[in-house]
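# Fold and geometry: a report
Each chain is listed here by its residues.
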Amino acid sequence: MILKSLSLLNYKNFDSKSFNFSDKINCIVGNNGIGKTNVLDAIYHLSFGKSYFNPVATQNIKHNEDFFVVNGEYNKHDKPEKVIVSLKRGQKKVIKRNGKAYDKFSEHIGFLPLVIISPADRDLIIEGSSTRRKFIDSVISQSDKSYLSHLIKYSKVLEQRNALLKYFALNHTFNKDTLDIYNDQLTEYGTSIFEKRNAFLKTFIPIFKSRYKVISNGNEDVDLVYHSDLFEDNLTTLLQHAINKDKALQYTSVGIHKDDLHFNIEGHPIKKFGSQGQQKSFLIALKLAQFDFIKNQSGVNPILLLDDIFDKLDEQRVAQIIKLVDDENFGQLFISDTHADRTENAVKQVHQSYEIFKL
């Protein structure tokens, strides 16, 4: 799968900008604040219908403008595909594929597989469990539509159950029958999600470990450890046991929305015990394992975005990663950097076509 061209209209800091890309390596270079990351984010937007960096959709519209349009032309399985994401203030976002708008955005997820490696990934280490759950969910969702559907349904039921708990507290009342309906639905969707997360990590962790070994040139023992309430008991029982606590808190205190993924080095949390270099290698390995997993599931080379990659790694390790595209297992690569010479020196080491775009 190749992104042939990209055009932006009123997107972030761009009035109007177009690019025609190389099938292999594309380098977006320029000073800080000029919009390099915004170009990569536009490519991300086409795959996921949202920004990687800014969750508030309207903030991706250029200042003093009413709308944005991101237009991508792809070649997938030797067939042209055109995807447009647009948003007008006060209206709903629209995603179109070959001129036809999607009824549900979830139908688009996984159609244009993509992996991004960015300095913002450090949030996976320093932020709370929801960031790591989103990572697991985004990887599985790109190749499993039913997983994404169950995730959306679980979130809706969870919202409704929490609203009911607040209603009980506010009105000094309690209705077990109504609560049981929500408990049954949470158990149905939550059990399926838990089983798929567990199965995914059993496949994913060995891939991650082998990637870490190559990138770090080290012998450290790294691991990902999945924590879930559902290892202790089935969700129905857990919800029944937690009812008094839930009534007091006015929200649901157990379930797969509390799952976490612990990042360990030598059996200890990498957040506290990993050096900066080890943390960087850990995150790169995580994302390259994501690439491998998605490729194995979809049979398509995901697009790989390396945002401000020299900020994360020394030049030797960057060269190591770029060399991966010499391998036919990798497809199209986009790199952003502040130094054109540094980037060109790195990409010259591989025997692939490349384009440099100076902003």
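Residues numbered from 1 in each chain as written. Predicted model: local features only at pLDDT ≥ 70, side-chain atom pairs only at ≥ 80, totals over all residues. Heavy atoms only, no water.

Summing up its helical and strand segments, the protein has 12 helices and 14 strands in all. Over its C-alpha atoms the protein spans a radius of gyration of 22 Å, differing by no more than 12% from the 21 Å that the globule rule assigns to 359 residues. C-alpha extents for the protein along the principal axes are approximately 65 × 50 × 35 Å. In the protein, the proportion of contacts linking residues at least 24 apart, taken out of those at least 6 apart, comes to 72%. Charge centroids of the protein, computed over 48 positive and 44 negative side chains, lie 3 Å from each other. (Helix = DSSP H or I, 4+ residues; strand = E, 2+ residues; numbered from the N terminus. Rg over C-alpha atoms; globule rule 2.2 N^0.38 Å. Contact = heavy atoms within 4.5 Å. Lys, Arg positive; Asp, Glu negative; His and termini not counted. Charge placed at Lys NZ, Arg CZ, Asp CG, Glu CD.)

Pairing within the open sheet is antiparallel, and its six strands lie in the order S2-S1-S4-S5-S6-S7. In this open sheet, the two strands that pair with only one neighbour each are strand S2 (14-20) and strand S7 (100-101). Where strand S4 (residues 67-76) lies against strand S5 (residues 79-88), 10 bridges are found, and the strand directions are antiparallel. Bridged to Tyr74 within S5 is Glu81. Against the sheet, helix H1 (residues 36-48) makes contact with strand S1 (2-11), S2, S4 and S5, and its axis sits at roughly 110° relative to S1, the strand it touches most. (Pairing = 2+ DSSP bridges. Axes fitted to C-alpha atoms, helices over the stretch in contact; angles between N-to-C directions.)

Further remarks concern the packing of helix H3 (residues 129-141) against helix H5 (residues 176-216). It is the contact of H3 with H5, at a shortest axis distance of 11 Å, that shows an interaxial angle of 85°. On the basis of their axis angle, the class for H3 and H5 is roughly perpendicular. Along the contact surface, H3 presents Arg133, Phe135, Ile136, Asp137, Val139 and Ile140, while H5 presents Lys196, Arg197, Phe200, Leu201 and Phe204. Along the lines of polarity and charge, the residues of the contact of H3 with H5 split into seven nonpolar, no polar and four charged. (Parallel < 35°, antiparallel > 145°, perpendicular 65-115°, else oblique. Nonpolar A, V, L, I, M, F, W, Y, C, P; charged D, E, K, R; others polar.)

It is worth spelling out unusual backbone geometry at this point. A positive phi angle, near 55°, is found at Lys12, a position not held by glycine. With respect to the helices and strands, Lys12 occurs in the loop between S1 and S2. Here Asn64, not a glycine, exhibits a phi torsion of approximately 70°, which is positive. Mapping Asn64 onto the fold places it in the loop between H1 and S4. Residue class for Asn64 comes out exposed when judged on its relative accessible area of 79%. (Buried < 20%, exposed > 50% of the residue type's maximum accessible area, 1.4 Å probe, protein only.)

Take helix H4 (residues 145-171) next. Between its first and last C-alpha, H4 extends 39 Å over 27 residues, near the 39 Å set by a 1.5 Å rise per residue. Turning to H4, its buried residues number three or more, namely Tyr147, Leu148, Leu151, Tyr154, Val157, Leu158, Arg161, Asn162, Leu164, Leu165 and Phe168. On the buried face of H4, the contacting elements are H3, H5, helix H6 (235-241) and helix H7 (243-249). At the C-terminal side of H4, His172 shows a positive phi close to 50°. (Expected span 1.5 Å × (residues − 1).)

Mapped onto the elements, Glu266 comes out in the loop between strand S10 (260-265) and strand S11 (268-269). For Glu266, a relative accessible area of 44% gives the class partly exposed. With 245 residues separating them along the chain, Glu266 and Phe21 place their C-alpha atoms 42 Å apart.

It is worth spelling out the environment of Lys12 at this point. What makes Lys12 buried here is its relative accessible area of 15%. Filtering out sequence-adjacent residues up to four positions away, Lys12 remains in contact with Asn38, Asp41, Ser51, Asn60, Ile61 and Lys62. At 2.4 Å, the side chain of Lys12 forms a polar contact with the side chain of Asp41. (Polar contact = N/O pair within 3.5 Å; in protein donor to acceptor, adjacent residues only side chain to side chain.)

Another aspect to go through is the side chain of Ser118. Structurally, the position occupied by Ser118 is in the loop between strand S8 (114-117) and helix H2 (123-126). On the accessibility criterion, Ser118 (1% relative accessible area) is buried. Side-chain polar atoms of Ser118 contact the backbone nitrogen of Ala120, separated by 3.0 Å.

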